[in-house]
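Chain residues, written in single-letter form:
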Amino acid sequence: MPTTVDEIRDWAIDTLGRAAIGDPDVDADLLIGHVLGHSRGQVQAAGILRAALAETDASAIRELVRRRALREPLQHITGRAPFRGIELLVGPGVFVPRPETEQVAQFAIDALRAMPDPEPIAVDLGTGSGAIALAMAVEVPHARVFAVENSPEAFPWTTRNFAQVGNGNATLVFGDLADAFAELDGTVAVVISNPPYIPADAIPRDPEVRLFDPARALFGGMDGLDVVRHVSRTALRLLRPGGVLVIEHGELQGAEIRALLSADGWRSPATHRDYTTRDRATTALAPAPAGA
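Since we're looking at a predicted model, the values are computed, not measured. Within each chain, residues carry numbers counting from 1 in the order of the written sequence. Where local features are concerned, this predicted model is filtered to residues with pLDDT of at least 70; where side-chain atom pairs are given and counted, the filter is 80 or more; whole-chain, interface and lining totals use all residues. The basis for the side-chain values is all heavy atoms of the structure; hydrogens and waters are excluded.

Backbone geometry at Ala20 places phi at a positive 65 degrees, although glycine is not the residue there. Under the scheme used here, helices are H or I runs from DSSP no shorter than 4 residues and strands are E runs no shorter than 2 residues, and both carry numbers assigned from the N terminus. Looking at where Ala20 falls in the secondary structure, it is placed in the loop between helix 1 (5-18) and helix 2 (24-36). The backbone of Asp23 shows a phi angle near 50 degrees, a positive value even though the residue is not glycine. Looking at where Asp23 falls in the secondary structure, it is placed in the loop between helix 1 and helix 2. Exposure is judged per residue with a 1.4 Å probe applied to protein chains only, and the accessible area is read against the type maximum: over 50% gives exposed, under 20% gives buried, and values in between give partly exposed. Classification of Asp23 as exposed rests on a relative accessible area of 53%.

What follows is the structure in C-alpha cells.
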C-alpha cells in the first residue's frame with residue numbers, strides 16, 4: 001500500500017481516471033489535501049519531496065477516493081464548495097453551486113454596482129445554498145440582499161452559510177418564491193434566480209447530478225420552465241421600473257425564455273453565453289407602470 005504522498009497521489013489519480021472523473025489530478029490533490037490539511041500546492045510539494053504518510057491518513061484518503069470514484073460529488077465529500085470569493089457548506093439535500101453560475105451572478109453584481117441608490121435592493125429567488133445571494137452581499141456591501149428558499153432539506157445548509165458568510169446585509173427567509181417579499185414590491189433593483197429548469201423527462205448526463213443533486217432543484221415541469229414562469233411573475237411584482245432580472249437556464253432554453261418574458265411584458269430580453277459558449281443566462285428590464 002502507498003506509504004508516501006507521491007505514491008498515494010499516483011494511486012488516487014489512476015483510480016479516479018479509471019472512474020472517468022474529469023481532471024482526476026485536481027480531485028486527487030483536493031482529497032489528499034482535505035485529509036492532511038494542505039492546499040493543493042502543498043500536496044504537490046509533499047509529493048515531490050516524497051513525504052512520508054501516516055497509515056491513518058493513508059486509510060482516510062483511500063476511503064475518500066473510493067467514494068469519489070463512485071461519483072459522489074467532491075463537494076459532498078469535503079463538505080465545502082468554493083463560489084467566487086466565498087466558501088459554502090454543502091451536502092446531501094442542497095444543490096452544489098457550479099462554476100458557470102459564478103458568471104451568471106456577475107450580471108446581477110454588475111447591475112447592483114451600477115445602481116445610483118445608496119442601498120440598492122437585490123432578491124435571490126430559490127437561493128439553495130445561498131451562493132448567489134451571499135456573493136452579492138459580500139461583493140456589493142452597500143446593497144441589501146434578500147433570499148428565499150422553500151426546501152426543508154436545503155434550508156439548514158442555507159442557514160449555516162448565511163451565519164458563516166453573512167455580511168450583515170443579507171436576509172434569508174423560508175418560503176415559496178411565488179409570494180415572497182410582498183413588503184418589497186416595486187422597490188427592488190435586481191432579481192436573480194437559478195431555478196430548476198431541466199424538463200421532467202430529461203436525464204442529467206453526469207452521475208454527480210443524476211444521483212446526488214436534489215430533484216426539486218433540478219426539474220422544472222414538462223418543459224422545464226414551470227418555475228421560470230413563477231420567477232417572471234414574482235420579479236415583475238418586486239422590481240421597480242428599469243430594474244434588472246437575471247435568470248440562469250439550460251443551453252437550449254434561451255429563445256423560449258425570451259419569448260416567455262416578452263409575453264409577460266419585460267423589456268429588452270437578451271440571452272448570454274457562458275465561458276464554454278453555451279447559452280446560460282437571460283436578462284431583461286422591468287417595464288414602466290401602465291400609463292407612465
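Further remarks concern the UniProt feature "domain: Methyltransferase small" (unreviewed entry) in the protein. UniProt positions are given in the numbering used here, feature names are shortened, and annotations may be inferred rather than shown by experiment. Following the UniProt record, the feature "domain: Methyltransferase small" (unreviewed entry) maps to residues 92-202 here. Its end C-alpha atoms 22 Å apart, residues 92-202 is made of 32% helix and 20% strand.

Time to look at helix 10 (residues 226-238). Multiplying 1.5 Å by the residue count of a helix minus one yields the expected span of that helix. For helix 10, which comprises 13 residues, the first-to-last C-alpha distance of 19 Å matches the rise-based estimate of 18 Å (1.5 Å per residue) to within 8%. Of the positions making up helix 10, those classed as buried are Val227, Val228, Val231, Ser232, Thr234, Ala235 and Leu238. By the convention used here, residues are in contact when the closest approach between their heavy atoms is within 4.5 Å. The inward-facing, buried residues of helix 10 contact strand 3 (121-125), strand 6 (188-193), strand 7 (239-248) and helix 11 (254-264).

With that settled, consider the pattern of salt bridges. Any carboxyl oxygen of Asp or Glu within 4 Å of a side-chain nitrogen of Lys or Arg constitutes a salt bridge here. Within the structure shown, the criterion is met by 19 salt bridges. Residues Arg18 and Asp14 are paired through a salt bridge, measuring 3.0 Å at the closest nitrogen-oxygen approach. In this pair, Arg18 and Asp14 are both assigned in helix 1, four residues apart and thus about one turn of the helix distant. For Arg18, a relative accessible area of 60% corresponds to the exposed category. The residue Arg84 makes a salt bridge to Glu139 at a minimum N-O spacing of 2.6 Å. On the criterion of sequence distance, the pair formed by Arg84 in the loop between strand 1 (80-83) and strand 2 (86-89) and Glu139 in helix 7 (residues 131-139) is long-range, its members being 55 residues apart. Judged by its relative accessible area of 25%, Arg84 falls in the partly exposed class. By relative accessible area, which is 22% here, Glu139 ends up partly exposed. Overlapping salt bridges, with partners in common, bring together Arg9, Asp25, Asp29 and Arg40 in one network.

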